[in-house]
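Report on the structure
Chain by chain, the residues run as shown.
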Amino acid sequence: MMRPLLKQGCLLQVRRIIMISCLIQTISASWTISLAEETDPFASPEQQMRAGITAYKRGDFEQARQHWNQAAYSYAERGQTPQQIEALLRSAEAQEALGYYQPAVNTLEQALTLATKTADAKRLAQVAGNLGHAYRLLGSAEKAERYTLEGVTRARQQKQAKILAANLQCIRYDLLATGLKTGRTDFYQGIGRVYIEDLAGA
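As the structure is a prediction and not an experimental result, all values here were calculated from the model. Residue positions are given per chain, counting from 1 as you read along its sequence in written order. Side-chain atom pairs in this predicted model are given and counted only at pLDDT of 80 or more, local residue features only at pLDDT of at least 70, and totals for whole chains, interfaces and linings cover all residues. To get the side-chain values, all heavy atoms of the structure are used, and hydrogens and water are removed first.

**Regarding the pattern of salt bridges**
What counts here: Here a salt bridge means any side-chain nitrogen of Lys or Arg lying within 4 Å of a carboxyl oxygen belonging to Asp or Glu. Strands are runs of DSSP state E lasting at least 2 residues, helices are runs of H or I lasting at least 4, and numbering of each runs from the N terminus. Only protein chains enter the accessibility calculation, which uses a 1.4 Å probe. A residue is then buried if its area is under 20% of the maximum for its type, exposed if over 50%, and partly exposed in between.
Summed over the entire model, instances satisfying the criterion amount to six salt bridges. The salt bridge partner of Arg-65 is Glu-62, with a shortest N-O separation of 2.5 Å. Here Arg-65 pairs with Glu-62, and both are found in helix H3 (residues 61–78), just three residues apart, close to one helical turn. Between Glu-86 and Arg-123 there is a salt bridge; the shortest N-O distance is 2.9 Å. Pair noted here: Glu-86 is in helix H4 (residues 81–98) and Arg-123 is in helix H6 (residues 121–138), with a separation of 37 residues, a long-range link. Overall, the relative accessible area of 21% leaves Glu-86 in the partly exposed class. If you follow the salt bridges from partner to partner, you end up with Glu-86, Arg-90 and Arg-123 in one network.

Put into structure tokens, the structure is as follows:
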């Protein structure tokens, strides 16, 4: 009676070892590809974008910024403006994470120029909202208000729910934090009503 049970136990153990071995090989292969993309300066812009995302997720914002800058440059050379704008948005996000607020504003201004030239309504809504957030971080309240409102207005006109939600979330943060600290409650209470109206109509 013991021998069949022992044989069955051995088979289960062998199966576990094979499964673990396959899992390790898969993880190793994935890590190798990711590492190659992160260290290859001649990687495609798509690879640079993925490498930037990987670096950002692990908190290496400087590495992420470099990858996304390289991707933006490559997309510009190819004439792929929508992809270039996306790379610039990502780069600005990394710059903000690093505390580089003025460079982030400069990057987003470049993205805004590109979106304006191509009349990309969706991107205009997204870039304007992001630019408002960057100006708030920089401490420029007037421009922050202007671009934040522009982002919300454009997103509502284009019925871009995700972009509108992101812009409204920034407004909510301003209402709860910046408005109370600066005493600019007139603006933030007004924009807060817009936030509430959109939530009610969602």
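Now that the structure has been shown, the text picks up again.
**A word on the packing of aromatic side chains**
Spelled out, the test is: Pairing of aromatic rings covers Phe, Tyr and the six-membered ring of Trp, with a centre-to-centre limit of 6.5 Å; geometry is then stacked below 30 degrees between planes, edge-to-face above 60, and tilted otherwise. The rule for a charge over a ring is simple: NZ of Lys or CZ of Arg within 6 Å of the ring centre, and within 35 degrees of the ring normal.
Taken as a whole and assessed by the stated rule, the structure comprises three aromatic pairs. Plain terms: the ring middles of Tyr-56 and Trp-68 are 5.8 Å apart, the flat faces sit at 40° to each other, and that makes the pair tilted. One end of the pair, Tyr-56, is in helix H2 (residues 45–57); the other, Trp-68, is in helix H3, with 12 residues separating them in the sequence. Taken together, a centroid distance of 5.7 Å and an interplanar angle of 5° make the contact between Tyr-135 and Tyr-147 stacked. Of this pair, Tyr-135 sits in helix H6 while Tyr-147 sits in helix H7 (residues 141–157), and the two are 12 residues apart along the sequence. Members of the aromatic cluster, each reached through a chain of ring pairs, are Tyr-56, Phe-61 and Trp-68. The aromatic ring of Tyr-147 is capped on one face by Arg-146, whose charged end is 4.6 Å from the ring centroid.

None of the figures reported here should be taken as evidence of function without further support.
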